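Each chain, written out:
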Amino acid sequence: MSQQPATAAIDIRETSKIYGKDRASGVVALDDVSLVIEDNEFFTLLGPSGCGKTTLLRLIAGFEQPTHGEIVLFGEHLEGLPPYKRPVNTVFQHYALFPHMTVAENISFGLEMLDKPATEISSVVKEVLGLVQMDHLADRKTDQLSGGQQQRVALARALAPKPKVLLLDEPLSALDFKLRKEMQVELKRLQNETGITFIFVTHDQEEALTMSDRVAVMRDGLILQVGNPSEIYDRPARRFVADFIGDINILKGSIVSRDGSLATVQLEAGHQGEAGLPMNAGSLGQEVSVAIRPEQLSFVADAAKANLSGTIEHISYFGSGFDYAILMPSGEKVMLQIQNRGGENLAYQLGDQVHIAISDNSMQILTD
Amino acid sequence: MGSGMTDQPTTHIQLSSSVVAEAKRLRNTRYALLAPGILTIFCIGIMPLSIVLVYSFLEPGDFGGISWVLSFDAYVQLLFEEDIFDETLSFTTDYIQIFLRSVSLALFTTIACLLVGFPTAYFIATQPPARRNAWLFLITIPFWTNLLIRTYAMLLILRDQGVINLSLIEIGLIDSPIPMLYTDFAVCLGLVYAYLPFMVLPIFASLEKLDFRLVEASYDLYATRFKVLRRIIVPLAKPGIAAGCILVMIPSLGAFITPALLGGGKSLMLGNLIELQFGQARNWPFGSAIALVLMVLVMLSLISYLRFGAKKGTPAHG
Ligand SMILES: Nc1ncnc2c1ncn2[C@@H]1O[C@H](COP(=O)(O)OP(=O)(O)OP(=O)(O)O)[C@@H](O)[C@H]1O
Ligand SMILES: [Mg+2]
């Protein structure tokens, strides 16, 4: 199944990690995970706390050994290789900068350990410092840096030895919103410039969507879905994935007809339409959950064009837009989101009876 | 600190007298609070030391003690020997040799303590927290027994009919006992045994604070075990290592029971020399002078360590 040629950066084959004695008494941090990450990919592991993201990175870096399975890096089996023999570097969540060394010494550490010649070390250090825009602070001690600066040093230190794969464990979680945005752009740029495969861990869905080539959504040691950001966002296969990535309306319905990856569903709320169908899911007449993103709904004045209708029960304002909670006759509630365009929004008030249209191709059937 | 200062300039003139009074009151309270500390330092630090200092510049009394006559003989005696008949002085290295032997024995002891103590401390620091206390407890158990008793025990182990020699003869490795007692080796062993906890405990304290995630980070950056030790662990444990070395070196220099029992008459150390002056030789000023010279030397080496050693302490790359 995972007959990937040597181009795959990382091939994780049916790998499990159990902390403790066995499945029953220990913690199953990774449960029979298989995953192929391509060369030069910006790959993100996304999932709630405790789902095994860090564990997966630690297995790749070599800090932990898999209980079952194997990991292959560019065709090379990693089993038994200690961390210092793997061409993989980590940017730790807590940075783990060496406090007794300056910024430049931190960055040159890996190169020194690889016994690179001094001239090469100094030129690489210079280059990497430039890459993360820290040239002016080369001689500072690392405990005299701000959080964002420390983050850059951690990044530079991991990049300097030119690893084949860079592992980043929630490197941005300690930063404030603005700095975080900046660093997201910068990370993406660095990945493009260096061509190194990035495996990035986050539990921030927005971060995952904006930065990644592909995302793996994890829960309880399992990988639920792997795909590019739009597949993950627009075509979530599982209820958990849909729920975890942004706001979503989940409505009850049943399958009327099906055709490959599409099905016609009848919503309890009234509308009948086409919805995406996950692989080998759903039989005719089956009760299913149908997901619709709040921004795929819009108000329409004309009742004839409406797919759903209901009363506005709640309005919340979040700066760039409004969320409307609408109670439908079926007893279900939907969330509708529209952009803030000044006066237009004032047309819809609490208690108003409204008609709603669903955009084309925006419904998706979920499995549990 | 800012709060008291920011609003003062405007009301400066009117308030100045009361501000001064307030400052004075504060200063008085501070001294009152510091009094116990100052008193302690004076009573157990400065006063005895002053007595020793004064005594070293007096003449010995006939039956011990001192007689109140100013004299530099005690210091002269350290380097020169007085001929009993014509009272001429000739240079002697007797005491210098005892100094050097003491220093080298203390150095060996410190190095041995470091070589044994560091791995021990590392081992304890890497145990799960619950088990650490048990290990620390074991390390401190010997303190519960008098040093004299423990040194006698060491004597029983090392002597010709001791455990080591008897068992070696029993298994046929040797025919006649290896003389171990009354050698520098025995003294060193005794000192290492006595002062090892003083090395282990401070190193443990700094290793316990060490963030082992840094060790992981350096493994990740291609450092082998030995390089991690040399580049990360030792530099970060340096304060503990320095404290341990000082805590072992200084009492070893002045040790007295151990060399007396395990070194016999041959391995005289400074501690024994000083004891001799206050005991049999009844030359208190000379004993005081040796003690002071020892103290000054220790102080000078500590100061030079702090001035030069500590600054170089941050390892440059390469
Ligand atoms: N050394 C360990 N011993 C026992 N259990 C562990 C150990 N490390 C992790 N676990 C458990 O394994 C599971 C996965 O942990 P992991 O650190 O991989 O989660 P994570 O996805 O990185 O979470 P977070 O987002 O909070 O960092 C958790 O239930 C955790 O309690
Ligand atoms: Mg984690």
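Structure first, text after, so check above.
Residues numbered from 1 in each chain as written. Chains lettered and ligands numbered in written order. Predicted model: local features only at pLDDT ≥ 70, side-chain atom pairs only at ≥ 80, totals over all residues. Heavy atoms only, no water.

Trainee: Is there a simple way to explain the sheet that holds strand S6 (residues 88-91) of chain A in this structure?
Mentor: Pairing between the strands of a sheet is mediated by backbone hydrogen bonds and can be parallel or antiparallel. All names here are of chain A. Sheet architecture is open: 6 strands sit in the order S6-S7-S8-S3-S9-S10, paired in mixed fashion. The strands lining the two open edges of the sheet, one partner per strand, are S6 and strand S10 (222-227). Pairs of neighbouring strands in the sheet enclose a mean axial angle of 20°, with direction left out of account. When strand S7 (residues 165-169) meets strand S8 (residues 197-202), the two strands line up parallel, connected through 5 bridges. Bridge pairing in S8 places Leu168 opposite Phe200. Along the sheet, helix H4 (residues 147-159) makes contact with S6, S7 and S8, crossing S6 at roughly 175°. (Pairing = 2+ DSSP bridges. Helix = DSSP H or I, 4+ residues; strand = E, 2+ residues; numbered from the N terminus. Axes fitted to C-alpha atoms, helices over the stretch in contact; angles between N-to-C directions. Contact = heavy atoms within 4.5 Å.)

Trainee: Is there a simple way to think about the site of ligand 1 in this case?
Mentor: Residue and element names in this part refer to chain A. Ligand 1 sits among Tyr19, Val27, Ala29, Ser49, Gly50, Cys51, Gly52, Lys53, Thr54, Thr55, Glu170 and His203. Here Gly50 contributes a backbone N or O atom positioned 2.7 Å from an oxygen atom of ligand 1. One nitrogen or oxygen atom from the main chain of Gly52 is found 3.0 Å from an oxygen atom belonging to ligand 1. If you list the elements that add at least two residues to the shell around ligand 1, you get strand S2 (27-38) and helix H1 (53-61). (Near = heavy atom within 4 Å. Polar contact = N/O pair within 3.5 Å; in protein donor to acceptor, adjacent residues only side chain to side chain.)

Trainee: Got a minute to help me understand the pattern of salt bridges in this structure?
Mentor: Side chains that differ in sign of charge can pair as their charged atoms come close. Applying the stated criterion across every chain, the model contains 22 salt bridges over all chains. Ionic pairing is found between Arg58 of chain A and Glu216 of chain B, a salt bridge with its closest N-O pair at 2.9 Å. Of this pair, Arg58 of chain A sits in helix H1 while Glu216 of chain B sits in helix H9 (residues 212-220), on two different chains. A relative accessible area of 19% means that Arg58 of chain A is categorised as buried. Glu182 of chain A is the partner of Lys178 of chain A in a salt bridge, and the nearest nitrogen-oxygen pair spans 3.9 Å. Of this pair, Lys178 of chain A and Glu182 of chain A both sit in helix H5 (residues 177-194), 4 residues apart, which is roughly one turn of that helix. For Lys178 of chain A, a relative accessible area of 59% puts it in the exposed group. One network of salt bridges, in which partners are shared, links Lys17, Arg58 and Glu64 of chain A together with Glu216 of chain B. (Salt bridge = Lys/Arg side-chain N within 4 Å of Asp/Glu carboxyl O. Buried < 20%, exposed > 50% of the residue type's maximum accessible area, 1.4 Å probe, protein only.)

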